[in-house]
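One-letter residues, chain by chain:
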Amino acid sequence: MTRTTINELSNHVGQEVQLDGWVYNSRSGGKLGFLMLRDGTGIAQCVLSKSDVGDDAFALFGRLTQESSVTVTGTVSADERAPGGYEIHAQSLSVTQMAEEYPISPKEHGTAFLMDHRHLWLRSRRQHAIMLVRHEIIKACRDFFDSNGFILMDTPIITPNAVEGTTTLFGLNYFDRFVYLTQSGQLYSEAAAAAFRKVYCFGPTFRAEKSKTRRHLTEFWMVEPEMAYCDLEENIHWAEEMVAFMVGRVLESRREQLDILERDTAPLEGLKTPFPRLSYTEAVDVLKQADVDFEWGGDFGGGDETIISEKYDQPLVVHRFPAAIKAFYMKLDADDERLALGMDILAPEGYGEIIGGGQREDDYALLLKRLKEANLPEDKYQWYLDLRRYGSVPHSGFGMGIERAVAWICGLPHVRETIPFPRMLNRVEP
RNA sequence: UCCGGAGUAGCUCAAUUGGUAGAGCGGGUGGCUGUUAACCACUAGGUUGGGGGUUCGAGUCCCUCCUCCGGAGCCA
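Residues numbered from 1 in each chain as written. Chains lettered and ligands numbered in written order. Predicted model: local features only at pLDDT ≥ 70, side-chain atom pairs only at ≥ 80, totals over all residues. Heavy atoms only, no water.

Digging into the packing of helix 5 (residues 186-196) against helix 12 (residues 382-389)
The line we're drawing: Helix axes use the C-alpha atoms of the stretch in contact, all axes being lines fitted to C-alpha atoms, and the angles between their N-to-C directions lie in the range 0 to 180 degrees. The helix and strand labels rest on DSSP assignments: H or I over at least four residues marks a helix, E over at least two residues marks a strand, and numbering proceeds from the N terminus. By convention the crossing between two helices is left-handed if the near helix lies anticlockwise of the far one by an angle smaller than a right angle, and right-handed if it lies clockwise. Any two residues whose heavy atoms approach within 4.5 Å at even a single point are treated as in contact. Here the nonpolar group is Ala, Val, Leu, Ile, Met, Phe, Trp, Tyr, Cys and Pro; Asp, Glu, Lys and Arg are the charged ones; every other residue, Gly included, is treated as polar.
Following both chains from N to C, one finds helix 5 and helix 12 inclined at 35°, their axes separated by 10 Å at the closest point. Helix 12 is crossed by helix 5, and the crossing has left-handed handedness. Of the residues in helix 12, those in contact with Gln-186, Leu-187, Tyr-188, Glu-190 and Ala-191 of helix 5 are Trp-383, Tyr-384, Leu-387 and Arg-388. Looking at the contact of helix 5 with helix 12 residue by residue, the class counts come to six nonpolar, one polar and two charged.

Encoded structure:
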């Protein structure tokens, strides 16, 4: 008797095996029953014949409730009638725990109800597929940086610094000192880059914005590389290659999950680097040609981004924004001082901004001037200014929002399903 | 914060002009040896989001509060 899991069934045809898992669904005939068993690696059909398992086990099968935990033993066979192609002809059935009435029935539910039961919803086939794609995306990012000479340097979650003064931060009482939950690891990554040359951080970030849209969470995950001796061009190159690598990996390893999600993979398969590029000024012209009332100098809204990126079937790099609408640390364009050397990457198919980044200001005096203009407390940024006092070099980096990337690659309308336990304006539970 | 929409059975939704609150799923009982979100029969299940008002009569009309959803702003 081999104890195995559902994803391994094809290697055990003709053998007697033991499966442990949960009741996904069951159907019964008078003397024949079908138990859909979920074990975390997949779902398999177990066929129970009264004459094989005996009266007691068959009666037990009849009493099984959805999501009860059970152990089934039986012989594996290939059968076209079975979802997944393999099934178990059961010899025995035992129950670890008989579940109470399960709130999530096999029929449709609303998202509010499902979110209230997120801890259980994660067991469903669709959520399972999304989480596996998320896992693959995160793993691909790490593999990409690890294999390109980047060092993982974790950055603090509790911080006295606002990375961007304009955004709202979650405050925290830290032994009677007022501190924040981080909104980006970037400033610390800049210090790390001066120590290790190429680094990345991967962690949760927090934004106390009262955003109520399909693209916003108050707690989300970002991967943020930072490179010393790196200008805007090279920064864009790294971002493009990372996105291409990530998408390629998901297509290679998680096709089954994309199928479950009914994701049309053609747009993903067509991805090619380098991605098309548009300067901010060119993007404004695109908007004007589309009869959008937009003045040079303003920031793009979600609708503007959609209009701009709709013209391309590739991720779109938009670069060189007006410095006035960008963060204090962005380096100014030597060719046009109104511009900052920032870049965003907009995902195709209307998914909008997934990456934001740029070249950092490396001149001490200019950085200090910009810091003051942004009304940020100078004393809290002394350590950051030190980086420009001691061997300052051109350096750049970017951040990618994991949930937005997952939503795009899975083809989901909302980021709330892309993270196990979403935190939003009106949701901190479960 | 602003604009729009929605709250009816455990869940998803119906309910005509203001006139006896219903169905499917899920639960319970029984039936069925190849089911595919199985099917068939029977059955239990309701303070129609809260409060107030109009009316012979309110799920339906009016006022008010609450909650949620979608969008805007801001951003990854």
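Moving on from the model shown.
With respect to the domain arrangement of chain A
Counted only if it meets this: The split into domains, and so the bounds of each, comes from an automatic or database assignment of domains. Buried surface area refers to the total accessible area, computed with a probe of radius 1.4 Å, that the two partners give up upon joining, counted for both partners together. By salt bridge we mean one thing: a side-chain nitrogen of Lys or Arg within 4 Å of a carboxyl oxygen of Asp or Glu. Whenever two N or O atoms come within 3.5 Å, that pair is a polar contact, provided that in protein one can donate a hydrogen and the other can accept it, and provided that, for residues adjacent in sequence, both atoms are side-chain atoms.
Taken domain by domain, chain A consists of domain 1 (2-97) and domain 2 (118-418). On a C-alpha basis, the centroid separation for the pair domain 1 and domain 2 is 46 Å. Opposite the six residues of domain 1 that make contact, domain 2 presents four residues. Both faces considered, domain 1 and domain 2 share a buried interface measuring about 440 Å² in area, 47% of it formed by carbon and sulfur atoms. The largest contributions to the domain 1 side of the interface with domain 2 come from Tyr-24, Arg-38 and Ile-43, which together make up 62% of the buried area. Between Glu-67 and Arg-123 there is a salt bridge whose closest N-O contact spans 2.9 Å. At the junction of domain 1 and domain 2, the tally comes to three residue pairs in polar contact (both at pLDDT 80 or more).

Details of the packing of aromatic side chains
Where we set the bar: Two rings from Phe, Tyr or Trp (for Trp, the six-membered ring) form a pair when their centres sit within 6.5 Å of each other. Planes less than 30 degrees apart are called stacked, planes more than 60 degrees apart edge-to-face, and all others tilted. Partly exposed describes any residue whose relative accessible area lies between the buried limit of under 20% and the exposed limit of over 50%, with all areas from a 1.4 Å probe on protein chains only and scaled to the type maximum. Should the NZ of a Lys or the CZ of an Arg lie within 6 Å of a ring centre and within 35 degrees of the ring normal, that charge is described as sitting over the ring.
Throughout the structure, instances matching the rule amount to 19 aromatic pairs. Arranged with centres 4.6 Å apart and planes meeting at 20°, the rings of Tyr-188 and Trp-383 form a pair that is stacked. With Tyr-188 in helix 5 and Trp-383 in helix 12, the pair connects residues that are 195 residues apart, well separated along the chain. We classify Trp-383 as partly exposed; its relative accessible area is 26%. Cluster of aromatic residues (ring-pair linked, three or more members): Phe-144, Phe-145, Phe-150, Tyr-200, Trp-238 and Phe-245. One residue, Arg-338, lies across the ring of Trp-296, its end atom 4.4 Å from the ring centre. For the cation-ring pair, Arg-388 lies above Tyr-384, with the distance from its terminal atom to the ring centre recorded as 4.3 Å.

Focus: the side chain of Glu-417
Tracing the sequence through the fold places Glu-417 in the segment after helix 13 (402-410). For Glu-417, a relative accessible area of 9% translates into the label buried. At 2.8 Å, the side chain of Glu-417 and the side chain of Gln-127 are in polar contact. When neighbours within four sequence positions are excluded, Glu-417 is seen to be in contact with Met-115, Arg-118, Trp-121, Arg-126, Gln-127, Ile-130, Met-131 and Leu-412.

Re the protein's contact with RNA strand B
So the rule is basically this: Each residue is tested against the molecule or strand, and it is near if at least one of its non-hydrogen atoms lies within 4 Å.
Residues in contact with RNA strand B amount to 47 residues; listed here are only the nearest, Asn-25, Arg-27, Pro-106, His-109 and Arg-214. In the interface set of RNA strand B, defined as its atoms within 4 Å of the protein, sugar plus phosphate atoms amount to 46%. Here a base oxygen of RNA strand B and a side-chain polar atom of Gln-45 are 2.7 Å apart. Within the contact set of RNA strand B, a phosphate oxygen lies 2.9 Å away from a side-chain nitrogen or oxygen of Asp-299.

Considering helix 12
Note the cut-off: This arc describes the spread of directions from the helix axis toward the C-beta atoms.
Among all positions in helix 12, only Tyr-384, Leu-385 and Arg-388 are buried. Seen end-on, helix 12 carries its buried residues on one side only, within an arc spanning 95°. Looking at the residues trailing helix 12, positive phi occurs at Gly-391, about 70°.

Quick notes on the nonpolar core
Rule in force here: Here, nonpolar core means buried Ala, Val, Leu, Ile, Met, Phe, Trp, Tyr and Cys residues that are tied together by side-chain atoms lying within 4.5 Å of each other.
Ranked by internal contacts, the top residues of the largest apolar core, which has 55 residues, are Met-242, Met-246, Ile-355, Trp-408 and Ile-409. Every element with two or more residues in this core is listed here: helix 4 (125-146), strand 11 (198-206), strand 12 (219-228), helix 6 (232-253), strand 16 (336-347), strand 17 (352-359), strand 18 (395-401) and helix 13. Once residues within four sequence positions are removed from consideration, Met-246 is found in contact with Ile-137, Ala-140, Cys-141, Met-400, Ala-405, Trp-408 and Ile-409. Val-17, Ala-44, Leu-60 and Val-76 belong to the second-largest nonpolar core, a separate cluster that totals 22 residues.

Some thoughts on the sheet that holds strand 10 (residues 177-181)
Our working rule: What makes two strands pair is DSSP finding at least two bridges between them.
A sheet is described by the order of its strands in space; here three strands give the open sequence 8-10-9, paired in antiparallel fashion. Pairing within the sheet leaves two strands with one partner each, and these edge strands are strand 8 (158-159) and strand 9 (171-174). Bridge analysis of strand 8 against strand 10 gives two bridges, and the strand direction is antiparallel. Considered in strand 10, the bridge of Thr-159 is made with Tyr-180.

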